[in-house]
There are 2 protein chains.
Amino acid sequence: MSIKGNCIIAQSGGPTAVINSSALGVIETAMKSNLIEGVYSAKNGILGVLNDELFDLRKEDIETIQGLRNTPSSALGSNRYKLKSQEDLEKLFSIFQKHNIRYFFYIGGNDSMDTADKLNKLAIDKNYEMHVMGVPKTIDNDLFGTDHCPGYGSVIKYMATMTMEVGRDTEAMYTTDTVSIVESMGRHTGWIAAGTALAKKTDEDAPHMILLPEVPFDKEHFKSVLQSYIDKYNRATIVVSEGTKYPDGTFLGEQKGEFSKDSFGHTQLGGAALSLKSIIENEVKVKARFVIPSLAQRSAMHFASKTDSDEAYFVGAKAVEFAVTGESGYMTTIQRVSNNPYKTEINKVALSEVANSEHLLPKKWISKDGFFVKQEFFNYALPLIQGEVPIKMEQGLPVFMRFKKHFI
Amino acid sequence: MSIKGNCIIAQSGGPTAVINSSALGVIETAMKSNLIEGVYSAKNGILGVLNDELFDLRKEDIETIQGLRNTPSSALGSNRYKLKSQEDLEKLFSIFQKHNIRYFFYIGGNDSMDTADKLNKLAIDKNYEMHVMGVPKTIDNDLFGTDHCPGYGSVIKYMATMTMEVGRDTEAMYTTDTVSIVESMGRHTGWIAAGTALAKKTDEDAPHMILLPEVPFDKEHFKSVLQSYIDKYNRATIVVSEGTKYPDGTFLGEQKGEFSKDSFGHTQLGGAALSLKSIIENEVKVKARFVIPSLAQRSAMHFASKTDSDEAYFVGAKAVEFAVTGESGYMTTIQRVSNNPYKTEINKVALSEVANSEHLLPKKWISKDGFFVKQEFFNYALPLIQGEVPIKMEQGLPVFMRFKKHFI
């Protein structure tokens, strides 16, 4: 049995289409708990905690809260702020104490789990009872300890659909627009790019080639395989992961300039499609067009996966259940119990393990020529895109909620 | 009463999400007509006619044909081939004669209507009874003589939704990713970019600024208005039309190189968002991220407008009705009878008029500061995005049809 007190729910890092479903899972479960009194969030996540800008979720309308399931991006606010020092951490902790925060639910990726882990350890050191639970979130699907990450199913459902659609465009227009390139996010892992493989039912379907960060970009090999598709179908649709690199480690789409690194020191990617277009036009001598969905892919609520949204809700809800039964220092995880029929259970993993590991696309799932994925990947990914989240529509467009944010 | 004979249906130019609904309207109506015997199409549109590569649509399965309504891009094949000479035209005509083609339905934009007009005139000169009807299609919405063009409603429904979603992303992430830029197609008119205005319900909603080709890009003015949004909301989402130009007529996103012009001599646009990102980062000193949906916007079947799809069907069906009752040399048009309730009728306009005119975004609908549109635009555009086309889904992804193409 845990202590009575207040809770803070925060979101962190890049949004997904279903991160708000996780928030809904946390909020609804927290509001029903006898142990949790104040249900708070903070402006811009952890930044708002540092600045003591908390708002009270119990004061929001029920319709607003339930609208979370149909609203993309982080409705609670987010940030990429990296705790700079022990001083930051201590300050954060003092705000938690000031407001009698006994439960902290942090919905985020790798860096967020690291922050949550540090906070949890500090609370233990200070002998302050606080239950810190991480809730997994990332389109990149690279979190350790979970079969897959909420947000991933939706991004690949959307990106696979886009690849099908763009592929059909090129199929009609190949006499002029011979190659189309779709650039996917995913940073250093090819999970998202690989997910577009689901679009392909027959050899002539897009995508014809997928460029993964896991496979060093061999330009001559690329050109010769591309040429073989052009010879066979007069066209090709290529998906390139933003993290695709030359053998020397240089990114195809490395950005330069003042804003090219984020606060975690990660290089800002995006632009691989432009380099590829130039290689194709100058060296393969056919016209290429590119699609850079960028932010649109991670916030595509209008075509999100129902399976993904439901799982996002449950990893949130279960985090509260773990916390009120005394657990702390874990991230909830999705465990695949069976694949056919697809069945999962929510479990947990220590935050410290998540913070220090990555879940990479298995190299053995990549096809021999390096430009596609094997059946094992299909088995893994296909269940994650099943079903569509019903969208609330008004006057021809989706309706999204927005918190009123009653600051305490 | 028209003559008995065969027909050719062809699609031309850039695809849309609903151009196949127009093809369906033509095909279903042609197949029911007592006057139309062979119902043919040609590989890659007019190119296939020139090469005498016709295929028989009566040999396709009914499921394949009905799948047209849910399939994006030009399922019959398309091209950007410009008839090069009178010789080309004569050759085209000889193929029509050879196969006793008495009906020609050409689904396309401006350039296609010009081709159709020339063919119609040649048939008259040669005293060969042939009924040539154009069917309007373009996401650009720039065809003369029709209230709006099939394809437009769907592209703006999708782009407005994307703008809402990207806007929410930036709203969550403004502490690092302060400005988001969505680049729209639309060539020299701002119709598509303007359509994203529908996403905005309140002042804080995206889009905050829309850059239109109709308004010369005044960099200093742009920076000062952008700064005012950043001051007010800490962020901004901007939609920039690919055709946006500096006062001297240079495009923001002009492409260079071998493939920078198409066969009609039109400059290949795309890239305005990159220029804008660089201006914002270097001169406004905040980080900007861009989304370039490009081809994905014109083939986004998964979120197409039902109103648009239905109208696309009817302009196709009606073209056949006009032709079999003796008309030739016209393009079908959509006439808005009333706006509230929204009601339209299908009418026609001479091909020669369409070929030589453009339907531009009225300057009086642009707001005073040049960065938004007035209520008149909302009244015009809102009815066009109503309803969603039901999508056939299988295993979590849309199902598209593909013709088997039985060549004659």
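See the structure shown above.
Here is a short report on the structure shown in this document. The model shown is predicted, which means the values in this text are computed figures rather than measured ones.

Here we look at the interface of chain B and chain A
So, step 1. Each side of the interface is counted separately: chain B has 77 residues, and chain A has 77 residues.
So, step 2. Of the roughly 6400 Å² buried where chain B meets chain A, counting both sides, 55% is carbon and sulfur surface.
So, step 3. Applying the counting rule to chain B against chain A returns 10 salt bridges.
So, step 4. Note that Asp169(B) is salt-bridged to Arg298(A), the shortest N-O span being 2.7 Å.
So, step 5. The interface formed by chain B and chain A holds 32 residue pairs in polar contact (both at pLDDT 80 or more) in total.
So, step 6. Broken down by secondary-structure element, the contributors of at least two residues to the side of chain B that touches chain A are α6 (152-173), α9 (272-284), β9 (288-291), α10 (295-298) and β13 (397-398) of chain B.

Considerations on the relation of the copies chain B and chain A
What connects the two chain copies is a rotation about an axis and a shift along it.
So, step 1. Superposing chain B onto chain A takes a rotation of 180° plus a shift of 0.0 Å along the axis, which leaves an RMSD of 0.0 Å. The operation mapping one copy onto its partner corresponds to a two-fold rotation axis.
So, step 2. A share of 100% of the interface residues of chain B reappears at the interface of chain A, consistent with the copies meeting face to face through the same patch.

So, the packing of aromatic side chains
All names here are of chain B.
So, step 1. All chains considered together, the criterion is met by 36 aromatic pairs over all chains.
So, step 2. Centroid distance phenylalanine 55 to phenylalanine 407: 5.7 Å. Interplanar angle 75°. Geometry classified as edge-to-face. Of the two residues, phenylalanine 55 sits in strand β3 (residues 54-56) while phenylalanine 407 sits in the segment after β13, which places them 352 residues apart along the sequence.
So, step 3. Their ring planes at 80° and their centres at 5.4 Å tell us that phenylalanine 93 and tyrosine 128 sit as a pair that is edge-to-face. You can see phenylalanine 93 sitting in helix α4 (residues 86-98) and its partner tyrosine 128 sitting in the loop between α5 (110-125) and β5 (131-136), a full 35 residues away along the chain.

Side note on the pairing of strand β1 (residues 5-11) of chain A
Residues and elements named next belong to chain A.
So, step 1. The buried fraction of β1 amounts to 7 of the 7 residues, a majority that puts the element mostly inside the structure.
So, step 2. Examined bridge by bridge, β1 and strand β2 (residues 36-42) share 4 bridges and lie parallel to one another. For glycine 5, the partnering residue across the bridge sits in β2 and is isoleucine 36.
So, step 3. Where β1 and strand β4 (residues 101-108) come together, 6 bridges link them in parallel fashion.

Notes on the pattern of salt bridges
So, step 1. Enumeration according to the criterion identifies 52 salt bridges over all chains in this entry.
So, step 2. Lys404(A) serves as the salt-bridge partner of Asp61(A), at 3.1 Å between the closest nitrogen and oxygen. Linking Asp61(A) in the loop between β3 (54-56) and α3 (62-66) with Lys404(A) in the segment after β13 (397-398), this pair joins segments that are 343 residues apart in sequence.
So, step 3. By relative accessible area, Asp61(A) is classed as partly exposed at 35%.
So, step 4. Within the structure, one salt-bridge network assembled from shared partners comprises Arg168(A), Glu171(A), Glu204(A), Asp205(A), Arg235(A) and Arg402(B).

Thoughts on the sheet that holds β3(B)
All names here are of chain B.
So, step 1. The strand order β3-β2-β1-β4-β5-β10-β11 describes an open sheet built from 7 strands, whose pairing is mixed. The open sheet terminates on both sides in strands that have one partner only, identified here as β3 and β11 (342-350). Averaged over all pairs of adjacent strands, the angle between their axes in this sheet comes to 30°, without regard to strand direction.
So, step 2. Across 6 bridges, strand β4 (residues 101-108) lies against β5 in parallel orientation.

Regarding the packing of helix α1 (residues 19-32) of chain A against helix α11 (residues 306-324) of chain A
Residues and elements named next belong to chain A.
So, step 1. At a minimum axis distance of 7 Å, the contact between α1 and α11 shows a crossing angle of 35°. In terms of crossing hand, the pair formed by α1 and α11 is right-handed. Seen from α1, the contacting residues are Ser21, Ser22, Leu24, Gly25, Val26, Glu28, Thr29 and Ala30; seen from α11, they are Ser309, Ala312, Tyr313, Val315, Gly316, Ala317, Val320 and Glu321.
So, step 2. Of the residues that constitute the contact of α1 with α11, the class distribution is 8 nonpolar, 6 polar and 2 charged.

Overview of α6(B)
So, step 1. With 22 residues, α6(B) ought to run about 32 Å at 1.5 Å a step, and its terminal C-alpha atoms sit 31 Å apart, in line with that.
So, step 2. Burial of α6(B) is extensive: 22 of the 22 residues sit out of reach of the surface.

Observations concerning the nonpolar core
Within soluble globular proteins, side chains that are nonpolar generally end up buried alongside one another.
So, step 1. By size, the foremost hydrophobic cluster in this structure holds 92 residues, and its most contacted members are Tyr152(A), Met162(A), Phe377(A), Tyr152(B), Met162(B) and Phe377(B).
So, step 2. Residue assignment for this core shows that the elements contributing at least two residues are α6 (152-173), α7 (191-195), α10 (295-298) and α13 (375-381) of chain A together with α6, α7 (191-195), α10 and α13 (375-381) of chain B.
So, step 3. Beyond its immediate chain neighbours, meaning those up to four positions away, Tyr152(B) contacts Thr138(B), Ile139(B), Asn141(B), Trp191(B), Ile192(B), Gly195(B), Asp308(B), Phe377(B), Tyr380(B) and Leu384(B).
So, step 4. Grouped together as the second largest cluster of nonpolar side chains are 52 residues, Leu276(A), Ile279(A), Ile292(A) and Ile279(B) included.

Some remarks on the pairing of strand β10 (residues 330-339) of chain A
Residue and element names in this part refer to chain A.
So, step 1. Of the strand pairs in this sheet, strand β5 (residues 131-136) and β10 are connected by 2 bridges, and their pairing is parallel. When the sheet's bridge partners are listed, methionine 133 is paired in β10 with tyrosine 330.
So, step 2. Across 9 bridges, β10 lies against strand β11 (residues 342-350) in antiparallel orientation. Within the sheet, the bridge partner assigned to tyrosine 330 lies in β11 and is alanine 350.

Remarks on α5(B)
Residue and element names in this part refer to chain B.
So, step 1. The end-to-end C-alpha separation of α5 is 23 Å, in line with the 22 Å expected for 16 residues at 1.5 Å each.
So, step 2. Listed as buried for α5 are Asn110, Ser112, Met113, Thr115, Ala116, Asp117, Leu119, Asn120, Leu122 and Ala123.
So, step 3. Close packing links the buried residues of α5 with α4, β4, β5, β10 (330-339) and α12 (351-355).

Focus: unusual backbone geometry
So, step 1. The omega angle of the peptide bond from Asn340(A) to Pro341(A) is 5°, so this bond is cis rather than trans.
So, step 2. Position of Pro341(A) among the secondary structure elements: in the loop between β10 and β11.
So, step 3. Omega for the bond connecting Ala206(B) with Pro207(B) falls within 30 degrees of zero, at -5°, which places this linkage in the cis form.
So, step 4. Positive phi is not limited to glycine here, since Lys285(B) has a value of about 65°.

Quick word on the packing of helix α8 (residues 219-233) of chain B against α9(B)
Residue and element names in this part refer to chain B.
So, step 1. At a minimum axis distance of 11 Å, the contact between α8 and α9 shows a crossing angle of 70°. Considered as vectors, α8 and α9 are oriented roughly perpendicular to each other. Listed contacts from α9 to Lys219, Glu220, Phe222, Lys223, Leu226, Gln227 and Ile230 of α8 are Leu276, Ile279, Ile280, Glu283 and Val284.

Thresholds applied
- Residues numbered from 1 in each chain as written.
- Chains lettered and ligands numbered in written order.
- Predicted model: local features only at pLDDT ≥ 70, side-chain atom pairs only at ≥ 80, totals over all residues.
- Heavy atoms only, no water.
- Contact = heavy atoms within 4.5 Å.
- Buried area = accessible area lost by both parts, 1.4 Å probe.
- Salt bridge = Lys/Arg side-chain N within 4 Å of Asp/Glu carboxyl O.
- Polar contact = N/O pair within 3.5 Å; in protein donor to acceptor, adjacent residues only side chain to side chain.
- Helix = DSSP H or I, 4+ residues; strand = E, 2+ residues; numbered from the N terminus.
- Least-squares fit on C-alpha atoms with pLDDT ≥ 70 in both.
- Phe/Tyr/Trp six-rings, centres within 6.5 Å; stacked < 30°, edge-to-face > 60°.
- Buried < 20%, exposed > 50% of the residue type's maximum accessible area, 1.4 Å probe, protein only.
- Pairing = 2+ DSSP bridges.
- Axes fitted to C-alpha atoms, helices over the stretch in contact; angles between N-to-C directions.
- Left-handed = near helix turned anticlockwise from the far one by under 90°.
- Nonpolar A, V, L, I, M, F, W, Y, C, P; charged D, E, K, R; others polar.
- Expected span 1.5 Å × (residues − 1).
- Core = buried A, V, L, I, M, F, W, Y, C linked by side-chain atoms within 4.5 Å.
- Parallel < 35°, antiparallel > 145°, perpendicular 65-115°, else oblique.

So far we have only geometry, and geometry alone does not tell us how the molecule works.
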